[in-house]
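Descriptive analysis of the structure
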Amino acid sequence: MEIGILDAGQARQRIPELALILQDCVAKGASVSFMNPFSLAEAIGYFTDIAEAAAREEVVLFAAVENGRAVGTVQLHPTWKPNQPHRGEIAKMLVHSAHRKQGIGQKLLESVELEAKKRGYSLLTLDTASGDAERLYARIGYKMVGIIPNYALWPDGGYCDAVFYYKLIDG
Ligand SMILES: CC(C)(COP(=O)(O)OP(=O)(O)OC[C@H]1O[C@@H](n2cnc3c(N)ncnc32)[C@H](O)[C@@H]1OP(=O)(O)O)[C@@H](O)C(=O)NCCC(=O)NCCS
């Protein structure tokens, strides 16, 4: 299994694989922006937009690739705001359900942190609705700052809370 940053061409090539991961995660109940039923075409539309954002360098798109296919992904969003050049936001950490609990999520986050340090960032922030992700973030040093109730919906309906985390990475 290898983790790498996809350049614009690689991102466009891997859109169908990334879309399958997203569709699987939503179908399995992850609250990651989308509602069920969530079609592959919608997932492809989302990752087409992300590939273009990667081409504009608005998103750093990571993929975990096993046997030539992407099985996990995460995004690092540099903030556009001139007063926050030191902060990056982590988004859409997704591992296909057939490939979980093998350390891929942790390796994706370690790759994000390495890249963030290379870019000179000193702070990473994120929010999540996933208990699995919460344990992972806590284990690798993210601090929980609080919970906003009823922040989003689960993909099959009903409110879910969002838990906010940060990690200082300058030391
Ligand atoms: C959250 C998510 C990305 C975690 O991915 P993952 O690849 O399973 O993460 P890891 O394998 O690094 O860690 C998961 C667990 O597997 C365990 N694990 C890691 N390697 C292992 C191994 N070789 N054997 C057994 N267990 C292992 C970890 O200790 C961890 O244990 P925990 O459940 O007690 O925390 C994944 O569950 C997912 O995609 N969920 C749906 C989408 C989502 O909610 N994303 C979060 C949005 S912020």
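Above this text sits the structure in question.
The following paragraphs examine the structure supplied in this document. (Residues numbered from 1 in each chain as written. Predicted model: local features only at pLDDT ≥ 70, side-chain atom pairs only at ≥ 80, totals over all residues.)

Some words on the sheet that holds strand E5 (residues 123-128)
For the record, the criterion: If DSSP finds at least two bridges between two strands, the strands pair. Numbered from the N terminus, helices here are DSSP runs of H or I no shorter than four residues, and strands are runs of E no shorter than two. For every element, the axis is a line fit to its C-alpha atoms; helices are fit only across the contacting stretch, and the angle between N-to-C directions ranges from 0 to 180 degrees. By the convention adopted here, residues are in contact when the distance between their C-beta atoms, placed from the backbone, does not exceed 7 Å.
The sheet built from seven strands is open, its strands ordered E1-E2-E3-E4-E5-E7-E6 with mixed pairing. The two strands at the open ends of the sheet, each matched to only one other strand, are strand E1 (2-5) and strand E6 (143-153). On average, each strand axis in the sheet is inclined to that of its neighbour by 25°, with strand direction left out of account. In this sheet, strand E3 (residues 69-78) lies alongside strand E2 (residues 60-66) in antiparallel orientation, the contact comprising seven bridges. Within the sheet, the bridge partner assigned to Val65 lies in E3 and is Ala70. Its contacts with the sheet put helix H2 (residues 15-27) on E2, E3 and strand E4 (87-95), and the angle it makes with E3 is roughly 85°. Those strands touched by helix H4 (residues 104-118) are E1, E2, E3, E4 and E5, and its axis lies near 35° from that of E3.

Thoughts on unusual backbone geometry
For residues that are not glycine, phi is negative in most cases, and the peptide bond is trans in most cases. Cis geometry marks the peptide bond from Asn36 to Pro37; its omega dihedral reads -5°. Within the secondary structure, Pro37 is located in the loop between H2 and helix H3 (40-55). Although it is not a glycine, Glu57 sits at a positive phi angle of roughly 65°. Inspection of the secondary structure assignment puts Glu57 in the loop between H3 and E2. Of note, the phi angle at Lys101 is positive, near 60°, even though the residue is not glycine. Relative to the assigned elements, Lys101 resides in the loop between E4 and H4.

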